[in-house]
Amino acid sequence: MLGPRPATHCEPLYVDLDGTLVATDTLWESLCLLLRHHPRQILALPFWAARGKAILKSRIAALIVPDAKLLPYRPEVVDLLTRERASGRRLVLATASHERVAHSVAETLGLFDAVLATTEACNLKGPAKLAAIREDNAGEPFAYLGDSRADLPVWAAAKRALVVAPSSRLAAALSRVAAHPEIVPLETGGATRHPALHPALRALRPHQWIKNALLFAPILLAHQITDVARTTAVTVGFIAFCLVASAGYLINDMLDIEADRRHSSKKSRPFAAGTLSIATGFALLGLLLTAGFAISWLFVSPAFVLMLGAYLLVTLSYSLYLKERLFLDVLVLAGLYTHRVLSGGVAGEVEVSSWLLAFSVFFFLSLALVKRYVELIEKSAVSDKEKDLVTRRAYLVGDTGLVETMGITSGYLSVLVLGLYVSRDDVTRHYSNPEILWLATPLMLYWISRVWLLARRGELAADPVVFAASDRVSYCIALGIVAIGAAAALTGG
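(A) Representation of helix 6 (residues 127-136). Of all the positions in helix 6, only Lys129, Leu130, Ala132 and Ile133 are classed as buried. Each buried residue of helix 6 sits inside an arc of 165 degrees when the element is viewed along its axis, so together they form one side. Opposite the buried face of helix 6, by more than 90 degrees, sit the exposed residues Pro127 and Glu135. Buried residues belonging to helix 6 abut strand 1 (13-15), strand 2 (91-98), strand 3 (114-118), strand 4 (143-146) and helix 7 (152-157).

Below is the structure:
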């Protein structure tokens, strides 16, 4: 690790912000916050950008500034600056971020003697940053700590060149302009230093793709699973839904970046932790949406493309607005699950029974409510103030009992609908011994009751679908229901 230099050699140290002091880009974060809090202003972005980056940053900063207390600071860099300040060195935050952002960071850390940052008149990057440093330091020797190729002109003029865990290409370029560059190693990494694959995969949440298996429900219940054309179309639809759903998770996480940082577990999500850059997130978003809609158009049907578009639109509305609306949020979540069932029917060209839709609404409403219930239980464990809102939720801790009652009731209603559904003539005619299907109802009652009991004990993961995907009992119940369906179809006269 780097140590402080003797006080007799204390040339001032100028420190970059984005990618250096913090493992993120504050401009990209500001854009996400702008979309989250002032979505209408997004239309003005091209006009601001046409007038130059300084104007763009100034207009955004006038509307929104990231919370400096929540930014993912690099602990190694903060430790270095703390030691350097203790040695008597003058520290200056020199950044291309807007001055409102920079001053907020400086006030939060309390380490800097001065701030040089972008104003409406000048974007402080590259040669402009070097000119500002020379003016601030009266042309005297200085040290500079940065992280990107844009800093090369500054390093070339610096007496002491420090760089945060550079890539091999940056290290080679830096060695050509600075005689003895000093590397600040990172133990925790960050968005610009880690290989992008692992955090990108985490951000896509592939474990959530199991929810899209609902697309197969219509052709399975209609006994059309052996129809190769229908099954192929639904399989392609499943892949498309996985791609678009992952795009939705990216949107959600980028919009919720500050809320996630306030959460005990969500703060480790790639965007919140700074292990995946927001710029990479937007690139992935475009790729996923293009691929998802393209294969739907080419290999499924225009009607399915419309279903996929409706899913994306509701998902975006949920991330921007609906997730903060009382009870409407869980209705939307239940609707998104049911939408998957409908989409499977569209892809496989199979009619979806209204009874199946009714079951889906009640069943998935119960799961959505148990998700909120778990969040409220977690909230009550850290605070007894019933008026404290769960982050980006409209529920109070005092609502816990009512949410539990609604969720259990909804779950039991789904079992009632299931019982009525399996007794219908249009269902029983597909089975040799349809009475056996009734055995599925006690299994469903057991599963729903167990989920809520585990939730009440605090032993349920936040997402019940993800819980079921790793729960042995859930697998046994699922296999039992499949066995019941098979027995009903194969036995009897």
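(B) Geometry of the pattern of salt bridges. What the rule picks out here adds up to 21 salt bridges. The residue Arg261 makes a salt bridge to Glu29 at a minimum N-O spacing of 2.5 Å. Note that Arg261 is positioned in helix 12 (residues 257-261) and Glu29 in helix 1 (residues 26-37), a separation of 232 residues in sequence. For Glu29, a relative accessible area of 0% corresponds to the buried category. For Asp136, the salt bridge identified is with Arg90, shortest N-O distance 3.0 Å. Within this pair, whereas Asp136 is found in helix 6, its partner Arg90 is found in the loop between helix 4 (75-86) and strand 2, the two being separated by 46 residues in sequence. Classification of Arg90 by relative accessible area gives partly exposed; the value is 31%. Via salt bridges that share partners, Glu11, Glu84, Arg89, Arg160 and Glu182 belong to a single interconnected network.

(C) The arrangement of the nonpolar core in detail. Ranked by size, the top nonpolar core spans 75 residues in total, and within it Leu250, Met254, Phe271, Phe304, Phe363, Trp447 and Leu460 carry the most contacts. With 12 residues, helix 11 (residues 228-255) is the single largest residue contributor to this core. With near-sequence residues (within four places) excluded, Trp447 lies in contact with Phe363, Leu367, Ala468, Ser474 and Ile477. The next biggest cluster of nonpolar side chains, apart from the first, holds 28 residues, and it includes Leu13, Val78, Leu91 and Leu186.

(D) Expanded view of the pairing of strand 4. The alternating pattern of strand 4 places Ala143 and Leu145 and Tyr144 and Gly146 on opposite faces, both of which are buried. Here three bridges tie strand 1 to strand 4, and the two strands are oriented parallel to one another. Paired with Tyr14 across the strands is Tyr144, a residue of strand 4. Here strand 4 pairs with strand 5 (residues 160-164) via four bridges, running parallel. Directly across from Gly146, in strand 5, lies its bridge partner Val163. Between strand 4 and its parallel partner strand 5, the chain crosses via helix 7, and the hand of that crossover is right-handed.

(E) Structural detail: the sheet that holds strand 3. Spatial ordering of the open sheet is given by 3-2-1-4-5-6, a layout of six strands whose pairing is parallel. Since the sheet does not close on itself, it has two edges, and those belong to strand 3 and strand 6 (182-184), each with one partner. Strand-to-strand twist of the sheet, defined as the mean angle between neighbouring strand axes without regard to direction, takes the value 20 degrees. Across the face of the sheet, helix 6 comes into contact with strand 1, strand 2, strand 3 and strand 4 while running at roughly 150 degrees to strand 2.

(F) Layout of the packing of helix 1 against helix 3 (residues 53-63). As a packed pair, helix 1 and helix 3 sit with axes 10 Å apart at the nearest point and diverge in direction by 50 degrees. In terms of orientation, helix 1 lies oblique with respect to helix 3. In this structure, helix 1 meets helix 3 at a crossing whose hand is left-handed. Here Leu27, Ser30, Leu31 and Leu34 of helix 1 lie close against helix 3, whose contacting residues are Lys57, Ile60 and Leu63.

(G) Representation of the layout of surface pockets. In this structure, the second largest pocket spans a volume of roughly 890 Å³. What lines the second largest pocket is a set of 39 residues, among which Arg205, Gln208, Arg269, Lys371 and Asp463 lie closest to the centre. Elements that contribute at least two residues to the lining of the second largest pocket include exactly helix 9 (197-204), helix 11, helix 15 (302-320), helix 16 (328-348), helix 17 (354-382) and helix 21 (464-469). Class assignment for the residues of the lining of the second largest pocket results in 15 nonpolar, nine polar and 15 charged.

Basis of the calculations
Residues numbered from 1 in each chain as written. Predicted model: local features only at pLDDT ≥ 70, side-chain atom pairs only at ≥ 80, totals over all residues. Heavy atoms only, no water. Buried < 20%, exposed > 50% of the residue type's maximum accessible area, 1.4 Å probe, protein only. Helix = DSSP H or I, 4+ residues; strand = E, 2+ residues; numbered from the N terminus. Arc of directions from axis to C-beta. Contact = heavy atoms within 4.5 Å. Salt bridge = Lys/Arg side-chain N within 4 Å of Asp/Glu carboxyl O. Core = buried A, V, L, I, M, F, W, Y, C linked by side-chain atoms within 4.5 Å. Pairing = 2+ DSSP bridges. Right-handed = clockwise from strand over helix to strand, strands pointing away. Axes fitted to C-alpha atoms, helices over the stretch in contact; angles between N-to-C directions. Parallel < 35°, antiparallel > 145°, perpendicular 65-115°, else oblique. Left-handed = near helix turned anticlockwise from the far one by under 90°. 1 Å grid on protein atoms, 1.4 Å probe; cavity = no way out; pocket = protein on both sides within 12 Å on 5 of 7 lines; lining within 4 Å. Points joined across faces, edges and corners; volume = space filled by probe spheres on them. Nonpolar A, V, L, I, M, F, W, Y, C, P; charged D, E, K, R; others polar.

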